[in-house]
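# Summary of the model geometry
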Amino acid sequence: MQSKLLPKTRKEAPKDEVSLNAQLLIRAGFIDKLMAGVYTVLPLGLRVMKKIENVIRSEMESAGGQELLMPALQPKENWKKTGRWETLDSLFRFTSHYSKIDLALGPTHEEIISPLVKKFNLSYRDLPVSLFQFQTKFRDEKRAKSGILRGREFLMKDLYSFHSDEKDAESYYEKMKGHYENIFNRCGIGEKTYLTFASGGSFSKYSHEYQTVTEAGEDIIYVCDKCKVAINKEIAGEQAICPQCGNKDLKENKSIEVGNIFSLKTKFSEPFDLKFTDENGQEKLILMGCYGIGVGRLMGTIVEISNDANGIIWPETVAPYKVHLIGLKGKESKSSQPASLAAGLARNLYDKMAKSGIEVLFDDRDDVRAGEKFADADLLGIPYCIIVSEKTAENNSAEIKKRGDTKSEVLPIEDIIKRIAVS
């Protein structure tokens, strides 16, 4: 019920928020800013993030991933073994007041997953293995900006894969590209999201990012229309050439990084002596891969590219609700009692949809004018708006409109339920 929903919508965004994603999400009551780079995810926002999680989870499980949850609190000794305690600028470090042990708040989990898997004493028969989690990450960003696109605390999915040889690692890497494409397609941003060649660091010639084209982006990519991939500006050089097809006619675009995949090789297995036993009884280092997606960043990216002048337009797969049901209060009768036909029909329709398993937010507010209800509906961006007024109720009908469309349609109640159920 919208009358019980917290918080209420806001007409104006906070003056210190310049990014569109934060402005709309705060105004609509999806998030609340605690401080720079740190946001509370409110009930509506959590529904969206859970939907995004479920999309990602289904693809990771289809790829053979097993879900776990690793600690955010991490010991210094693990980071010393990889040499990153002193070198990683974004690492939050502190000393326990009681144990005097130096600790870190995890920005990533290679230092935890590698010694964990070592405990399993894997053989070649056990490989490949892939493990993933959804975990809060902490990064000491020098300049937290762009709303929930670049924060100091955020939810992230990371999957780590473990392999016996290069061939198996490369095969899994290619398979994961397909699952990542599925994720972005299912979240409604696939058409604007490109597999992007990026620096491979010390691991390989290239790693890959997934970049979504938008003017709100902080990155610059060069898109190849021939093979539909892109190159990050960091590796493009003076004359950008597509590594996949050799095309030089590339288009420059601003973009947001929504995911990345890396071949880690033995960078994190070697410091922890993470090995497996091969078919000849010999111990060999395990090869690793890393696959990340920022859940909140993905939510913010969806908002940046799916909106209009009135508010958010959520793709159905990740919308907090499928239907926004609005009951309009009729004019007062001679007895000064509010007309109840529309209210009764709206309540009945809400009950029917709820029993049918349709997710519906019912705007049952009696003290809010029709114009304000419509403005809130546009701001919240729920895919379907159904309006029950006294006029439509007289014919046992309601008005249905898809968010973003200019035209609406009046249909009998039973037809509306059928329309929503199959859409």
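Attention in this report is confined to the structure presented alongside it. Residue indices follow the written sequence of each chain, beginning from 1 at its first position. Under the rules for a predicted model, residues below a pLDDT of 70 receive no local features and side-chain atom pairs below 80 are neither given nor counted, while totals for whole chains, interfaces and linings still include all residues. The basis for the side-chain values is all heavy atoms of the structure; hydrogens and waters are excluded.

Strand order in this open sheet of three strands is β4-β6-β5, and the pairing throughout is antiparallel. Looking at the sheet topology across the chains shown, the edges are occupied by β4 (73-75) and β5 (92-95). Ignoring which end each strand starts from, the neighbouring axes of this sheet average 35° apart. Here the rule is simple: two strands pair whenever DSSP picks up at least two bridges between them. Where helices and strands are cited, they refer to DSSP runs of H or I of at least four residues and of E of at least two residues respectively, numbered from the N terminus. Examined bridge by bridge, β4 and strand β6 (residues 102-105) share three bridges and lie antiparallel to one another. Looking at the pairing, proline 75 lines up with leucine 103 of β6. Under this scheme, a helix contributes an axis fitted over its contacting stretch, all axes are lines through C-alpha atoms, and angles between N-to-C directions fall in the 0 to 180 degree range.

What follows deals with the packing of helix α8 (residues 341-355) against helix α11 (residues 413-422). One way to put it is that α8 packs onto α11 with a least axis distance of 11 Å and a crossing angle of 35°. With respect to the hand of their crossing, α8 and α11 are arranged in right-handed fashion. Every residue of α11 that contacts α8 at Leu345, Leu349, Lys352 and Met353 is listed here: Ile413, Glu414 and Ile417. Throughout, a crossing is termed right-handed when the near helix is turned clockwise from the far one, and left-handed when it is turned anticlockwise from it by less than a right angle. We call two residues in contact when some of their heavy atoms are within 4.5 Å.

What follows covers the pattern of salt bridges. A pairing counts as a salt bridge when a side-chain nitrogen of Lys or Arg comes within 4 Å of a carboxyl oxygen of Asp or Glu. All told, the structure shown has 31 salt bridges when counted by the stated rule. Linking arginine 150 and glutamate 141 is a salt bridge whose minimum nitrogen-to-oxygen distance equals 3.4 Å. Between aspartate 378 and arginine 403 there is a salt bridge, with the nearest N and O atoms lying 3.9 Å from each other. Taken as a pair, aspartate 378 in helix α9 (residues 370-380) and arginine 403 in the loop between β22 (397-402) and β23 (409-412) lie far apart in primary sequence, 25 residues in all.

Moving on to the packing of helix α2 (residues 43-62) against helix α7 (residues 295-305). Two elements in contact, α2 and α7, have axes whose closest approach is 10 Å; the angle formed by their N-to-C orientations is 110°. Between α2 and α7, the crossing angle belongs to the class labelled roughly perpendicular. Counting all contacts with α2, which are made through Gly45, Val48, Met49, Ile52, Glu53 and Ile56, the residues of α7 involved are Val295, Gly296, Leu298, Met299 and Ile302. Residues belonging to the contact of α2 with α7 are distributed by class as follows: eight nonpolar, two polar and one charged. Small angles under 35 degrees read as roughly parallel and large ones over 145 as roughly antiparallel, with 65 to 115 read as roughly perpendicular and the rest as oblique. Three classes are used, and their members are as follows: Ala, Val, Leu, Ile, Met, Phe, Trp, Tyr, Cys and Pro are nonpolar, Asp, Glu, Lys and Arg are charged, and the others, Gly among them, are polar.

Side-chain rings of Phe, Tyr and Trp, where Trp is taken by its six-membered ring, are said to pair if the distance between their centres is within 6.5 Å; with planes under 30 degrees apart they count as stacked, over 60 as edge-to-face, and otherwise as tilted. Taken as a whole, this structure holds nine aromatic pairs when the rule is applied. Ring geometry for tyrosine 172 and tyrosine 291: centres 5.9 Å apart, planes at 75°, overall edge-to-face. In this pair, tyrosine 172 sits in helix α5 (residues 166-186) while tyrosine 291 sits in strand β16 (residues 287-294), placing the two residues 119 residues apart along the sequence. Here tyrosine 172 matches tyrosine 291 in class, with each residue buried. Considering the side-chain rings of tyrosine 180 and tyrosine 210, the 5.4 Å spacing of their centres and the 40° angle between planes classify their relative orientation as tilted. Of this pair, tyrosine 180 sits in helix α5 while tyrosine 210 sits in strand β10 (residues 206-213), and the two are 30 residues apart along the sequence. Residue tyrosine 180 shares its accessibility class with tyrosine 210, and that shared class is buried. The classification of residues rests on relative accessible area computed with a 1.4 Å probe and restricted to protein chains. Under 20% of the type maximum is buried, over 50% is exposed, and intermediate values are partly exposed.

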